[in-house]
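Structural characterization, general
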Number of protein chains: 2
Amino acid sequence: MKAEIVSVGTELLLGFLTDTNAPFLADQLAQLGIDNYWIAQIGDNQGRLTDHLRRAWERSDLIIITGGLGPTEDDVTRESISALLGEEMKVIPELETQLREFFGSRRLMMPESNIKQATLIPSAGAIPNPVGTAPGWWVEKDGKRIAAMPGVPREMLRMWEHEVKPRLRALSGDLTIFTRTLKVMGLGESAAEAAIKHLLAGTNPTIATYAKRDGTHIRISAKAEGEAKARALVDELEAKARLALGNTVYGEDEATFQGAIGRLLQARGLSVATIETASGGLLAHALGGVPDSAAAFRGGLVLDNAQLGEGAAPFLQGLDRETLRTHGPNSNEAAITLAQAARATFGAPIGVGICGEAAQQPADERPSGLIYLGLDFEGTVEAHRHVQQATPEQVKERAVMSALSLIWRRLQGET
Amino acid sequence: MKAEIVSVGTELLLGFLTDTNAPFLADQLAQLGIDNYWIAQIGDNQGRLTDHLRRAWERSDLIIITGGLGPTEDDVTRESISALLGEEMKVIPELETQLREFFGSRRLMMPESNIKQATLIPSAGAIPNPVGTAPGWWVEKDGKRIAAMPGVPREMLRMWEHEVKPRLRALSGDLTIFTRTLKVMGLGESAAEAAIKHLLAGTNPTIATYAKRDGTHIRISAKAEGEAKARALVDELEAKARLALGNTVYGEDEATFQGAIGRLLQARGLSVATIETASGGLLAHALGGVPDSAAAFRGGLVLDNAQLGEGAAPFLQGLDRETLRTHGPNSNEAAITLAQAARATFGAPIGVGICGEAAQQPADERPSGLIYLGLDFEGTVEAHRHVQQATPEQVKERAVMSALSLIWRRLQGET
């Protein structure tokens, strides 16, 4: 089944909004084993939308539309589908009753323009929308189908999960794509590819590598009749991949790196505390923002470089102020004593310190950062210096990933 | 001038990647006064891309393409443009030299497949790309134009700013759209709209309101011959809007709310310290991540709820442990004493405390959060309780905005 996705809204063409519906739906279609060949963003213009739908209707079996189902004159998705199929929109009494009840239950007057949200054409059925006023349209004609859903992500998401996806699953027969992503740390994309080279040739299941911010992703996909069979194919290839990748795999699918570390820490009864300057709280937020790592996170302190000077942060325990004076706040030595102070102040077995400058004076147009990472792992200390040409946001993000990697490697018994 | 945007890459059709190039370019085109009527994501397939370009070439004066300029067989943008125009790609010696130098300077072997990045067709000129291997193509034929840029956002961005945008600015004559966004806190979208109602009728300049995460945005746009004239029109309407909106305006365009607060704090010689549990470091990162607010940020502490129990965080000064025992860590009282402890521990005139639970047990499908905000502003304390049906991420983000709003209101002399 060939599909395409159409996102409707002039805001998308003006750059006011980023279309997040289309990539979500694209991923979902792939998982259903439905081939998605086109995505387009079209404005609130009936002529252009109808024109686009005409082409889509010719070349695809399924058109997924989001947006343009609102009550105003600008919302032209219903009108465009009607024009495409040459059918007339009529108010459906049952839908009108539901719509008036929706407003009534909220003690609101229904603007009369909303009545178009209670219309259908002969080839369309209404798709219930319990979280908004606009029902979707499910159109079937000449062996082709259109699913039109609201553009508001929350309403679209619910309608997709509860209404559209089940219908498509029934339609696409049992042919399912099942995908699992292994997440790897400490192997770059090309090294990961080399490690699984002997597995790359197959066509079903397939395996591929992607460089991501949280390491290298190894995506394994299989197509089969029914999810169980597809999953079995993935499981089999996954076992081989895990054998080749060893303990560089930290998790799969939705797993986060800090969550994986958190689980390891909890298993060993360990916890982490942090003190950071250059990363401005990003490390604390990374650890504190994920349940598994939050459980092993004793606490984090965010300071400005200036506060590492004379007599500052007097409540900090275990801080070697003499070292700070001698080596300055931007040094490996400072990073180590920050890690030590994190341990002592919060009473944690593992301390991490991040200092330096996320934004150095840019040379030759390119921004750069200088970061010092310190780790005190139950009394064993190490420090690392990273210079990076990148934006301050990237420098901070990489500093956090590097700091987490230090803990991860230590937990795995590497040094 | 009618334009359209084409983003090339099969990852976009599989939902692996969200297309952020297209909305950026859409916004830029709008600012240049160029009408953008279509955006599409097309896979790495020469047939479909050529087909799409053929239609775009018929209906538009300008096609902006990103992606598909890489060295592999999957990269088919050059081939598709060549097919569209019926012209043959040839290796250009000068481009080949540059390409080989790019690899040479990095002490890398150039894979021979990269040679296609040194090709042109008669209607195309190369667009320099100092930050990557692939030059862009600038195509002119029959009064129409194509700009093909790399898909990597960093490379695209540089090429757009330095090469493509200046050419388009020259082309689009002097008709320029100038836009300024005023950012407002403490007025919802409808209240903001009501305040500027008398300004809404005009067609040039125009003014419109948008509800955003960092308050309400008031977007003022004007079209005129030359940026100076367009800017003057915007300035005039902006003055009226500011009069109507009063001190709810915290900044414009790229301004952040925390940055605006930071400047006010610095102007008064004040600074802030924070202690947070439920928001897991997000407040510290918000304040520490923006230069203006970082300068007025004394420090932040991230703790887990468990650490607010008996005898925990012993280094904290000014913490009323008796209150914590009596009222528990999720209470207005806890939020206030956290704010007090932030002041005392970091020696700051203003302290903020955030506690509660970002993720409560979800009732009826909807996740919810319960947040307590405390403010100690030079000894005057206040606390607020917020219950929200939202994801934990949203709950945390809103908690941070609410905490910042408390400081903002106090700085403005409201209570």
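Residues numbered from 1 in each chain as written. Chains lettered and ligands numbered in written order. Predicted model: local features only at pLDDT ≥ 70, side-chain atom pairs only at ≥ 80, totals over all residues. Heavy atoms only, no water.

**A short note on the packing of aromatic side chains**
- Considering all chains together, one arrives at 15 aromatic pairs over all chains under this definition.
- Taken together, a centroid distance of 5.9 Å and an interplanar angle of 85° make the contact between Tyr37 of chain B and Trp38 of chain B edge-to-face.
- Ring centres 5.5 Å apart and planes at 70° place the aromatic pair Phe257 of chain B and Trp408 of chain B in the edge-to-face group. In this pair, Phe257 of chain B sits in helix H9 (residues 257-267) while Trp408 of chain B sits in helix H14 (residues 392-411), placing the two residues 151 residues apart along the sequence. The same class applies to Phe257 of chain B and to Trp408 of chain B, which are both buried.
- An aromatic cluster of at least three residues, connected via ring pairs, comprises Phe315 and Phe346 of chain A together with Phe315 and Phe346 of chain B.
- One cation-aromatic arrangement involves Arg106 of chain A over Phe102 of chain A; the distance from NZ or CZ to the ring centre is 3.8 Å.
- Lying across the ring of Tyr37 of chain A, Arg48 of chain B places its NZ or CZ 3.8 Å from the centre. (Phe/Tyr/Trp six-rings, centres within 6.5 Å; stacked < 30°, edge-to-face > 60°. Helix = DSSP H or I, 4+ residues; strand = E, 2+ residues; numbered from the N terminus. Buried < 20%, exposed > 50% of the residue type's maximum accessible area, 1.4 Å probe, protein only. Lys NZ or Arg CZ within 6 Å of the ring centre and 35° of its normal.)

**Regarding the interface of chain B and chain A**
- Taken together, the 54 residues of chain B in the interface contact 51 residues of chain A.
- Around 4,300 Å² of area is buried between chain B and chain A when both sides are counted, 52% of it from carbon and sulfur atoms.
- Area buried by chain B at its contact with chain A is led by Leu13, Phe16 and Phe315 of chain B, which between them contribute 14% of it.
- The interface formed by chain B and chain A includes zero salt bridges.
- Inspection of the chain B/chain A interface yields seven residue pairs in polar contact (both at pLDDT 80 or more).
- Its residues placed into classes, the side of chain B that touches chain A shows 25 nonpolar, 16 polar and 13 charged. (Contact = heavy atoms within 4.5 Å. Buried area = accessible area lost by both parts, 1.4 Å probe. Salt bridge = Lys/Arg side-chain N within 4 Å of Asp/Glu carboxyl O. Polar contact = N/O pair within 3.5 Å; in protein donor to acceptor, adjacent residues only side chain to side chain. Nonpolar A, V, L, I, M, F, W, Y, C, P; charged D, E, K, R; others polar.)

**Concerning the environment of Arg54 of chain B**
All names here are of chain B.
- Inspection of the secondary structure assignment puts Arg54 in helix H3 (residues 46-59).
- For Arg54, a relative accessible area of 40% gives the class partly exposed.
- When neighbours within four sequence positions are excluded, Arg54 is seen to be in contact with Ala83 and Leu84.

**As for helix H8 (residues 227-245) of chain A**
Residues and elements named next belong to chain A.
- Between its first and last C-alpha atoms H8 spans 26 Å; for 19 residues at 1.5 Å apiece the expected length is 27 Å, and the two agree.
- Every buried residue belonging to H8 is among Ala230, Val234, Leu237, Glu238, Ala241 and Leu245, and all of these are buried. All buried residues of H8 lie within an arc of 115° about the axis, which places them on one face of the element. Relative to its buried face, H8 has exposed residues pointing more than 90 degrees away, namely Ala228, Lys229 and Leu243.
- Trailing H8 by a residue or two, Gly246 shows a phi angle of about 60°, which is positive. (Expected span 1.5 Å × (residues − 1). Arc of directions from axis to C-beta.)

**Let's talk about the pairing of strand E16 (residues 368-377) of chain B**
- Extensive coverage of E16 of chain B is indicated by the burial of 10 of its 10 residues.
- Both faces of E16 of chain B are covered, namely the face carrying Ser368, Leu370, Tyr372, Gly374 and Asp376 of chain B and the face carrying Gly369, Ile371, Leu373, Leu375 and Phe377 of chain B.

**Topic: helix H13 (residues 332-346) of chain A**
Residue and element names in this part refer to chain A.
- Across its 15 residues, H13 extends 21 Å between first and last C-alpha, which sits within 8% of the 21 Å expected from 1.5 Å per residue.
- Ala334, Ala335, Ile336, Thr337, Leu338, Ala339, Ala341, Ala342, Thr345 and Phe346 are the residues of H13 that are buried.
- Two residues or fewer past H13, Gly347 is found with a positive phi of approximately 65°.

**As for the confidence of the model for chain A**
- In the predicted model, chain A carries a mean pLDDT of 91, and the fraction of residues at 70 or more is 97%.
- Per the prediction output, this complex has pTM 0.76; the corresponding ipTM is 0.74. (pLDDT = per-residue confidence, 0-100.)

**Section: the sheet that holds strand E2 (residues 35-42) of chain B**
- Read across the open sheet, the 12 strands follow the order E6(A)-E7(A)-E8(A)-E3(A)-E1(A)-E2(A)-E2(B)-E1(B)-E3(B)-E8(B)-E7(B)-E6(B); overall the sheet is mixed. Only two strands of the sheet have a single neighbouring strand rather than two, namely strand E6 (124-127) of chain A together with strand E6 (124-127) of chain B. Strand-to-strand twist across the sheet, computed as the mean angle between neighbouring axes with direction ignored, equals 15°.
- Looking at chain direction, strand E1 (residues 2-8) of chain B and E2 of chain B are connected through seven bridges and run parallel. In the sheet register, Lys2 of chain B faces E2 of chain B, and the bridge partner there is Asp35 of chain B.
- Packed on one face of the sheet, helix H4 (residues 77-85) of chain B meets E1, strand E3 (62-66), strand E7 (136-141) and strand E8 (144-149) of chain B and runs near 10° to E7 of chain B. (Pairing = 2+ DSSP bridges. Axes fitted to C-alpha atoms, helices over the stretch in contact; angles between N-to-C directions.)

**Some words on the relation of the copies chain B and chain A**
- Of the two same-sequence chains, chain B is brought onto chain A (RMSD 0.7 Å, axial shift 0.5 Å) by a rotation of 180°. Viewed as a symmetry operation, the transformation between the two copies matches a two-fold axis.
- When the interface residues of chain B are mapped onto chain A, 91% of them are again interface residues, pointing to one common binding face. (Least-squares fit on C-alpha atoms with pLDDT ≥ 70 in both.)

**Some points on the environment of Pro349 of chain A**
- Positionally, Pro349 of chain A belongs in the loop between H13 and strand E15 (350-357).
- When the C-alpha positions of Pro349 of chain A and Ser271 of chain A are compared, they lie 6.1 Å apart, and in sequence the two are 78 residues distant.

**Re the packing of helix H2 (residues 21-31) of chain A against helix H6 (residues 153-171) of chain A**
All names here are of chain A.
- The interhelical angle for the contact between H2 and H6, taken along N-to-C directions, is 20°, at an axis separation of 12 Å. With respect to H6, the axis of H2 lies roughly parallel. Once H2 is placed against H6, the crossing between them reads as right-handed. Across the interface between the two elements, Asn21, Phe24, Leu25, Gln28 and Leu29 from H2 touch Pro153, Met156, Leu157, Trp160, Glu161, Lys165 and Leu168 from H6. (Parallel < 35°, antiparallel > 145°, perpendicular 65-115°, else oblique. Left-handed = near helix turned anticlockwise from the far one by under 90°.)

**Topic: the pattern of salt bridges**
- A full pass over the atoms with the stated rule returns 44 salt bridges over all chains.
- Here Lys165 of chain B ties to Glu161 of chain B by a salt bridge, and the two come within 3.9 Å at their closest N and O atoms. With Lys165 of chain B and Glu161 of chain B both in helix H6 (residues 153-171) and four residues apart, this pair spans about one turn of that helix.
- Look at Lys165 of chain B and you get buried, because its relative accessible area is 16%.
- When salt bridges with common partners are traced through the structure, they connect Arg180, Asp235, Glu238, Arg242 and Glu252 of chain A into a single cluster.

**Brief notes about the side chain of Gln41 of chain A**
- Along the polypeptide, Gln41 of chain A turns up in strand E2 (residues 35-42).
- At 2.8 Å, the side chain of Gln41 of chain A forms a polar contact with the side chain of Asp19 of chain A.
- With near-sequence residues (within four places) excluded, Gln41 of chain A lies in contact with Ser7, Leu12, Leu13, Asp19 and Ala22 of chain A together with Trp38, Ile39, Ala40 and Gln41 of chain B.

**Observations concerning the sheet that holds strand E10 (residues 206-212) of chain B**
All names here are of chain B.
- Here we have four strands laid out as an open sheet, ordered E10-E11-E9-E12, and antiparallel in their pairing. At either end of the open sheet lies a strand with only one pairing partner, and these are E10 and strand E12 (249-252). Neighbour-to-neighbour, the strand axes of the sheet open up by a mean angle of 25°, direction not taken into account.
- Sheet topology places strand E9 (residues 175-184) next to E12; three bridges connect them, and they run antiparallel. Residue pairing across strands places Val184 opposite Val249, the latter belonging to E12.

**Focus: the nonpolar core**
- By size, the foremost hydrophobic cluster in this structure holds 58 residues, and its most contacted members are Ile65 and Ile81 of chain A together with Ile65 and Ile81 of chain B.
- Those residues in contact with Ile81 of chain B that lie beyond four places of it in its chain are Leu53, Ile65, Ile121, Trp137, Val139, Ile146 and Ala148 of chain B.
- By size, the runner-up hydrophobic cluster in this structure holds 40 residues, among which are Ala273 of chain A together with Ala273, Ala348 and Leu370 of chain B. (Core = buried A, V, L, I, M, F, W, Y, C linked by side-chain atoms within 4.5 Å.)

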